[in-house]
Amino acid sequence: MRQVMKKIQTYIFRGLLAITPLGLTAFVLYFMYKQIDQRIVLFIDKLTGFSFPGMGILLLIVLLLFLGWFASRTIGRQIIAMVDRISNKIPMIRTVYNLGKQLSSTLSLPSHQVFERAVLIEYLKPGMWAIGFVTGTVKDRTTGNTLLKVYIPLPPNPATGNLVLAREEQVRDPGWSVSEALKCVLSGGILGPATIDPSAPVAGEE
């Protein structure tokens, strides 16, 4: 009976992890509808007397398209450069602005540029392995060794995690692509590769 209850709890937990992405998507859509669409529609309705459900989101998409087009033009790039210079002269704004700029630059990179490869690394204690992503290297001036910068995400949100420095021999190659490892992290281990095979070709990598 105890084993049955344990399996039921495990399946419930896995079910919660499985619907987490759908739940987050529904929450974002609901937030956009309540906080953006309804307010913009109400404003436009008072201004023009004309509105329809979804108008606010549609206008937001059009605005983002226009901003993207404008930012790709010469005058748009000049204005952005001017904002950069002004922001860098104001201490508090400079910190927040640069953080947002770095995040934006990171998100605009393809996954194979953000994460070079997926690895397994011993974490917290010997014998316990965590999924990590190599984001680059750093030179140790004391020893002359090249250390890997390994980002270890925390499931189910890969945007939070820890960064560790490790030698090449301290990590294992699971034979997974970056997308396969990310899928495993996002699903809490429900989805993703079923085996570790460092000799296998890494699928999905260009």
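Just so it is clear, the structure is predicted and the values come from calculations on it, not from any experiment. (Residues numbered from 1 in each chain as written. Predicted model: local features only at pLDDT ≥ 70, side-chain atom pairs only at ≥ 80, totals over all residues. Heavy atoms only, no water.)

1. Quick look at the overall build of the chain
Summing up its helical and strand segments, the chain has six helices and five strands in all. Element order for the chain, N to C, with α for helix and β for strand: α-α-α-α-α-β-β-β-β-β-α. Put simply, of all contacts in the chain between residues at least 6 apart along the chain, 36% involve residues at least 24 apart. Approximately 15200 Å² of the chain is accessible, and the part contributed by carbon and sulfur atoms is 66%. (Helix = DSSP H or I, 4+ residues; strand = E, 2+ residues; numbered from the N terminus. Contact = heavy atoms within 4.5 Å. Areas by Shrake-Rupley, 256 points an atom, 1.4 Å probe, with all protein chains shown as cover.)

2. Examining the packing of aromatic side chains
Scanning the model with the defined rule gives four aromatic pairs in all. Judged by centre distance (4.6 Å) and plane angle (25°), the rings of Phe115 and Phe133 are stacked. With Phe115 in the loop between α5 (111–114) and β1 (117–122) and Phe133 in strand β2 (residues 129–139), this residue pair connects regions lying 18 residues apart in the sequence. For the pair formed by Phe115 and Phe133, the shared burial category is buried. Ring centres of Phe115 and Tyr151 lie 6.3 Å apart, and the angle between their planes is 10°; this geometry places the pair in the stacked category. Remark: Tyr151 occurs in strand β3 (residues 146–154) and Phe115 occurs in the loop between α5 and β1; sequence separation between them is 36 residues. The exposure classification of Phe115 matches that of Tyr151, with both residues buried. (Phe/Tyr/Trp six-rings, centres within 6.5 Å; stacked < 30°, edge-to-face > 60°. Buried < 20%, exposed > 50% of the residue type's maximum accessible area, 1.4 Å probe, protein only.)

3. Side note on the side chain of Ser177
Summarising the element assignment, Ser177 is placed in the loop between β5 (171–172) and α6 (178–186). At a separation of 3.0 Å, a polar atom in the side chain of Ser177 contacts the side chain of Ser179. (Polar contact = N/O pair within 3.5 Å; in protein donor to acceptor, adjacent residues only side chain to side chain.)

4. Quick notes on unusual backbone geometry
In this structure, Leu124 takes a positive phi of about 75° despite not being glycine. Inspection of the secondary structure assignment puts Leu124 in the loop between β1 and β2. The class for Leu124 is exposed, based on a relative accessible area of 72%.

5. Description of the confidence of the model for the chain
Averaged over all residues, the pLDDT of the chain is 77; the fraction at 70 or higher stands at 80%. Taking the mean pLDDT of every element in the chain, the minimum, 56, falls on α5 and the maximum, 94, on β5. Contacts of residues 202–206 to residues separated by more than four positions or lying in other chains number nine contacts, the stretch itself having pLDDT below 50. (pLDDT = per-residue confidence, 0-100.)

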